[in-house]
Amino acid sequence: MQKIALITGITGQDGAYLAEFLLNKGYYVHGINRRSSQFNTDRIDHLCDNPENDSRFILHYGDLTDSTNLIRIIQEVQPDEIYNLAAQSHVQVSFETPEYTANADAVGTLRILEAIRILGMTTKTRFYQASTSELFGKAQEIPQKETTPFYPRSQYAVAKIFGYWITVNYREAYGLFACNGILFNHESPIRGESFVTRKITRAVARIKLGAQESLSLGNLDAKRDWGYAGDYVKAMWMMLQQEHPEDYVIATGETHSVREFVELAFKNVGIAIVWQGSGLEEKGVDAASGKEIIHVNPRYFRPTEVDLLLGDPAKAREKLGWTSETSFEKLVRMMVIEDLKNTERDLLCKKNGFKVSNWNE
Ligand code: NDP
Ligand code: GDR
């Protein structure tokens, strides 16, 4: 019998990679997507259009803030595995939308777990919760592992702590096979454009091709453990194939600053950055032309920042046999190359009089 998976957040970065991964494994894949005023399925259109997927890839309209809808979909789909990837996932935005973030990210997780329980599916359905390195926040230990105490620094992280513990609670209280993947930052060419890595690679391509003058950033010294999303979705699946449900840190074990990411991304298009000034006056200058191409803008500072994340993926390596396969250098190169292609395509469209959505910075 082929397995059935239900993915919330299927239109997001991870949802798209996971759906493709599971379809390749022969799964029937159901996804929950939100109705929006414009199409929001760009990242999965290639899966919808592929005749090989045909009846194996099915979308349902839904929302994590609507329990009746979640209960109905789970009852209809009868999934063997649920991957809860849906979330208001932007840390800075969570400071602006705290109540909604808690509703979707914290209570949303509870709604799915309760649906599984109400429907009597606790022995049938396995559950994956998209937990995050943001739980560690103001890091109490370096590197961070499964036993490191949490210290959340945003409304997003606090909401995700609820999601983490409610997942543990349903495992312990009802015997549900439920796992938290504590994933450190993972990126790709389809990463949302407002996360710092994609914002940088998109700007690098556009500056190189003359479509943008400069790039404004916030804290250049924040450090993150950045991996590749394509590697990380495999770990999600592996957790649900084990004999016992457990929680795992998924990370590369390397950390880099935003500043290093910027330097490497520009290096990939032959631009060397020289830093001048400090604090709000700091600027990144193109060493060859002398042009100021990076500015610091306090708009991107957060009320409480997470300064340093570095994960220890030893447990995942030993118990799951999982390792991160894509180096930092390869990840940055991959993202820059794809954004160069995107920008070239957009410029061609504009030149021929076609409208390009998302053109502005
Ligand atoms: P994205 O922001 O790319 O995708 C989030 C998905 O959630 C989108 O499909 C979005 O829909 C959907 N969504 C948002 N709110 C709701 C809602 N109320 N009801 C239903 N769906 C909703 O995130 P990623 O793919 O990067 O991340 C996946 C998950 O993993 C998230 O939970 C995130 O918090 C977590 N995570 C991510 C990490 C990372 O580095 N990427 C690291 C650790 C954890 P729409 O397309 O309509 O906006
Ligand atoms: P993060 O990712 O907050 O780690 O959350 P993001 O890319 O937004 O920020 C990383 C670091 O870069 C600094 N920064 C900027 N960030 C953004 N977005 N824009 C800027 O202009 C900018 N300048 C500097 C930030 O201050 C921060 O320190 C991501 C999300 O995917 C979460 O859902 C996930 O849980 C965590 O990763 C792990």
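Scope of this entry: the structure provided in the associated data block. (Residues numbered from 1 in each chain as written. Chains lettered and ligands numbered in written order. Predicted model: local features only at pLDDT ≥ 70, side-chain atom pairs only at ≥ 80, totals over all residues. Heavy atoms only, no water.)

Turning our attention to the site of ligand 2. Neighbouring residues of ligand 2: 22 residues in total, closest Ser89, Thr132, Tyr156, Arg302 and Glu305. One nitrogen or oxygen atom from the main chain of Ser89 is found 2.6 Å from an oxygen atom belonging to ligand 2. Tyr156 is positioned such that a nitrogen or oxygen atom in its side chain is 2.5 Å from an oxygen atom of ligand 2. Compared with its free state, where it exposes 710 Å², ligand 2 has 96% of that area covered by protein. Considered class by class, the residues forming the shell around ligand 2 number eight nonpolar, eight polar and six charged. (Near = heavy atom within 4 Å. Polar contact = N/O pair within 3.5 Å; in protein donor to acceptor, adjacent residues only side chain to side chain. Areas by Shrake-Rupley, 256 points an atom, 1.4 Å probe, with all protein chains shown as cover. Nonpolar A, V, L, I, M, F, W, Y, C, P; charged D, E, K, R; others polar.)

Let us look at the sheet that holds strand S13 (residues 273-276). Spatial strand order, S8-S15-S14-S13: four strands in an open sheet with mixed pairing. Every interior strand has two partners, whereas the edge strands, strand S8 (215-217) and S13, have only one. The mean angle between the axes of side-by-side strands here comes to 25°, regardless of whether they run parallel or antiparallel. Contacts from helix H7 (residues 196-208) reach S8 and strand S15 (292-296), with the element oriented near 160° to S8. Packing against the sheet, helix H9 (residues 258-267) makes contact with S8, S13 and S15, and its axis sits at approximately 145° to S13. (Pairing = 2+ DSSP bridges. Helix = DSSP H or I, 4+ residues; strand = E, 2+ residues; numbered from the N terminus. Axes fitted to C-alpha atoms, helices over the stretch in contact; angles between N-to-C directions. Contact = heavy atoms within 4.5 Å.)

Turning next to the site of ligand 1. The immediate surroundings of ligand 1 are formed by 25 residues, with Thr11, Arg34, Ser89, Tyr100 and Tyr156 found nearest. Interatomic distance of 2.8 Å between a side-chain N/O atom of Arg34 and an oxygen atom of ligand 1. Taking His186, its main chain carries an N or O atom lying 2.9 Å from an oxygen atom of ligand 1. Protein coverage of the free-state accessible area of ligand 1, which is 900 Å², stands at 89%. Counting only elements with at least two residues in the shell around ligand 1, the list comes to helix H1 (13-24), helix H5 (98-118), strand S5 (126-132) and helix H6 (155-174).

Next up on the list: the pairing of S5. By the criterion of burial, S5 is predominantly enclosed, with six of the seven residues buried. Relative to strand S6 (residues 178-183), S5 runs parallel, the two sharing six bridges. If you follow Phe127 over to S6, its bridge partner there is Ala178. For the segment spanning S5, H6 and S6, crossover handedness is right-handed. (Buried < 20%, exposed > 50% of the residue type's maximum accessible area, 1.4 Å probe, protein only. Right-handed = clockwise from strand over helix to strand, strands pointing away.)

Overall, the coordinates contain 19 salt bridges when judged by the stated rule. When the shortest N-O distance is used, the salt bridge between Arg72 and Glu76 registers 3.3 Å. Here Glu76 and Arg72 lie together in helix H3 (residues 67-77), a separation of four residues that amounts to about one turn. The class for Glu76 is exposed, based on a relative accessible area of 52%. Between Lys291 and Glu213 there is a salt bridge, with the nearest N and O atoms lying 3.3 Å from each other. (Salt bridge = Lys/Arg side-chain N within 4 Å of Asp/Glu carboxyl O.)

Here we take up the environment of Ile7. Here Ile7 lies in strand S1 (residues 4-8). Assessed through its relative accessible area of 0%, Ile7 is described here as buried. Distance from Ile7 to Ile82, taken between C-alpha atoms, is 5.9 Å for residues 75 residues apart in sequence. Ignoring any residue separated from it by four or fewer positions in sequence, one finds Ile7 in contact with Gly15, Leu18, Ala19, Leu22, Val29, His30, Gly31, Ile32, Tyr83 and Leu85.

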